[in-house]
Amino acid sequence: MPFANDTDLTAVVIPSSVTTIAYSFQGCPGLTELPFSPELESIEYSFNLCPALTEINFPTGLKTLLY
């Protein structure tokens, strides 16, 4: 799992070339910022156990969201 249990991670910049995020960023308690590009189409089983991530603005083109 990419970036799993990274306690130092506070922000992520996801490039516009990424259209799917899956099984990533789980257990990152310091993660507070997460801007998504409009090209993002799918988020699957990511961002669990990230208590500081209190607001997420999903892109309008998001087709799949699995928690």
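Owing to the predicted nature of the structure, the values given are computational and were not obtained by experimental measurement.

Caption draft 1: Spotlight on the overall build of the chain. The secondary structure content of the chain amounts to zero helices and three strands. For the chain, the sequential pattern of α-helices and β-strands runs β-β-β. Taking 67 residues into account, the globule formula puts the C-alpha radius of gyration at 11 Å, and the chain, at 11 Å, falls close to it. Principal axes of the C-alpha set define a box for the chain whose edges measure 30 × 20 × 20 Å.

Caption draft 2: Main features of a nonpolar patch on the surface. Taken together, the side chains of M1, Y23, Y45 and L66 define a hydrophobic patch exposed on the protein surface, amounting to about 410 Å² of accessible area. Considering the arrangement of structural elements, one finds Y23 in the loop between β1 (20-22) and β2 (42-44). Among the residues examined, Y23 registers a relative accessible area of 45% and is labelled partly exposed.

Caption draft 3: Up close: the sheet that holds strand β3 (residues 64-66). In space, the three strands of this open sheet follow the order β1-β2-β3, with parallel pairing throughout. Looking at strand neighbours, the two that pair on one side only are β1 and β3, the edges of this open sheet. If you compare each strand with its neighbour and ignore which way they point, the axes differ by 5° on average.

The rules behind the values
- Residues numbered from 1 in each chain as written.
- Predicted model: local features only at pLDDT ≥ 70, side-chain atom pairs only at ≥ 80, totals over all residues.
- Heavy atoms only, no water.
- Helix = DSSP H or I, 4+ residues; strand = E, 2+ residues; numbered from the N terminus.
- Rg over C-alpha atoms; globule rule 2.2 N^0.38 Å.
- Patch = residues over 30% accessible without salt bridge, like charges linked within 9 Å, V, L, I, M, F, W, Y side chains within 5 Å.
- Areas by Shrake-Rupley, 256 points an atom, 1.4 Å probe, with all protein chains shown as cover.
- Salt bridge = Lys/Arg side-chain N within 4 Å of Asp/Glu carboxyl O.
- Buried < 20%, exposed > 50% of the residue type's maximum accessible area, 1.4 Å probe, protein only.
- Pairing = 2+ DSSP bridges.
- Axes fitted to C-alpha atoms, helices over the stretch in contact; angles between N-to-C directions.

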